[in-house]
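The lines below spell out each chain.
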Amino acid sequence: MKTAGKILTAVLLAAFVSCGSGSKGNPDIPDNPVTPGTPVSPDTPSTPDDTGGQGDDGSNTGDVAFFAKGADIGWITEMESKGYKFYSKNGTEKELTALLKETGFNSVRYRVWVNPSSGFNNVDDVLAKCLRAKELGMKIMIDFHYSDTWADPSKQIIPASWQGFTSSSQMASAVAEHTTSVLQTLRDNGVEVSWVQPGNEVTIGMLHNTGTEGHLSEAPASISGKVEGSNTGHFTEYFKAGSDAAKAVYPEARIILHIDNAWKTATLTWFYDLMKTADLQYDIIGLSLYPSYWENGSYPDWRTKTSQAVTNFSTLHNRYSKPVMLVEWGMPASEPEKAREALQYILDETGDYDWFEGIFFWEPEAESSRNNYDYGAFSGGKPTVALDPFAE
């Protein structure tokens, strides 16, 4: 919690007292599994969390600077379709979004894919998930991958239906149309969006691979959005197309420019310097930080990369005059105490920075036996102590 939030809480408490006021799982598949686009009403948490100045509708009331305690839970409907359940620490079954709200989260992040083969993460599926968050008054971040599947620095695959384009103007138009279509669908259904990412981990750009995963080629220069050296390709054109489309639907939404490896100072300054030179407009610097990925037979100590990342937050803010967010964060699920310690360290070190605006835990509900992913924060369907700092 921010320092101002702690002060306000103390003042309100004092006033209250003075007034005398008393690796793969095999789940049982349900008869009616959840399919993409099927909303499920979340349970309302029995006790509200400190939302940091957030109104019941998820808006910022302005009383306290809003700090996002967030989770990317894009897997939720897919996991439900396989029969997975989620439980509070005392064993009560809960819908995941409501469980996270009860645990202290106030924001969620959802990825969007253009035409995924499974249907998960398409516009209907994203709408269903957003409606749950809306009902709970949580703020929402929409993360456009501009792909039919995962997009990250290892691959930025152009959607199959866009791979025949021969000009950057065609690609930019498709980006704008897709962004508009998704966000307008959300807006038409009463969903408010606080943040939009036009591209996911775009350290080397986006929309620059053709083919399919495992059989990739580089797109021709006429349409490539690859960032390399001092060359931005058509990346800034595509980012602007997505950003402008987002602002047209949600004028108050804040645009995030997101890259990975928050501890790599040279990469961070190279990238954001390049974007500054290109006069690319955005609102927030968004970063990923996974400080303890498995290497050389063990999980490395989280402190080295995390402390460097915290130093980099200040470097970036001072250099570019932008707020900073961790839009992806994760630690080994098998080391929940260390994960708790690492998250608390970031909160403590940034607590006085009003320009550090939040942390999003990436897929905290994931487990190795359920998702083949080892950096979540649940065990047996229950949250671990890794999430405790968000409840404080």
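The coordinates are above.
The structure presented is a predicted model; accordingly, all values stated were derived computationally and were not measured. (Residues numbered from 1 in each chain as written. Predicted model: local features only at pLDDT ≥ 70, side-chain atom pairs only at ≥ 80, totals over all residues. Heavy atoms only, no water.)

Peer 1: Got a sec to walk through the sheet that holds strand β6 (residues 195-198)? Specific residues and values, please.
Peer 2: Taken in spatial order, the 8 strands of this closed barrel run β1-β4-β5-β6-β9-β10-β11-β12, and their pairing is parallel. Each strand of the sheet is rotated relative to its neighbour by a mean of 25°, with strand direction disregarded. Direction of pairing for strand β1 (residues 68-72) relative to strand β12 (residues 356-362): parallel, over a ladder of 5 bridges. Note on β12: the bridge partner recorded for K69 is I359. Sheet strands in contact with helix α4 (residues 123-135) are β4 (107-112) and β5 (139-144), and its direction is about 175° off that of β4. On top of the sheet, helix α5 (residues 168-188) reaches β4, β5 and β6; it is set at about 160° to β5, its chief contact. (Pairing = 2+ DSSP bridges. Helix = DSSP H or I, 4+ residues; strand = E, 2+ residues; numbered from the N terminus. Axes fitted to C-alpha atoms, helices over the stretch in contact; angles between N-to-C directions. Contact = heavy atoms within 4.5 Å.)

Peer 1: Residues and numbers for the pairing of β1, please.
Peer 2: Judged by how many residues are buried, β1 sits mostly within the fold: 5 of 5 residues are covered. Side chains A68, G70 and D72 of β1 all project onto a buried face; the interleaved residues K69 and A71 project onto the opposite face, where all are buried too. Two elements, β1 and β4, share 3 bridges in a ladder whose sense is parallel. Across the sheet, residue A71 finds its bridge partner in β4, namely V108. (Buried < 20%, exposed > 50% of the residue type's maximum accessible area, 1.4 Å probe, protein only.)

Peer 1: Give a detailed account of the packing of aromatic side chains, specifying residues and quantitative values.
Peer 2: Aromatic ring pairs are defined here through the distance separating the ring centres and the angle between the ring planes. Under the definition given, this model contains 26 aromatic pairs. Measuring from centroid to centroid gives 5.5 Å for F144 and Y146, while their planes differ by 10°, and the two rings are stacked. Exposure remark for F144: the relative accessible area of 0% places this residue in the buried category. The class for Y146 is buried, based on a relative accessible area of 1%. A connected cluster of aromatic rings, assembled from ring pairs, spans W75, W113, W150, Y290, Y293, W294, Y299, W362, Y373 and Y375. We note R111 situated over the ring of W75; from NZ or CZ to the ring centre the distance is 5.7 Å. (Phe/Tyr/Trp six-rings, centres within 6.5 Å; stacked < 30°, edge-to-face > 60°. Lys NZ or Arg CZ within 6 Å of the ring centre and 35° of its normal.)

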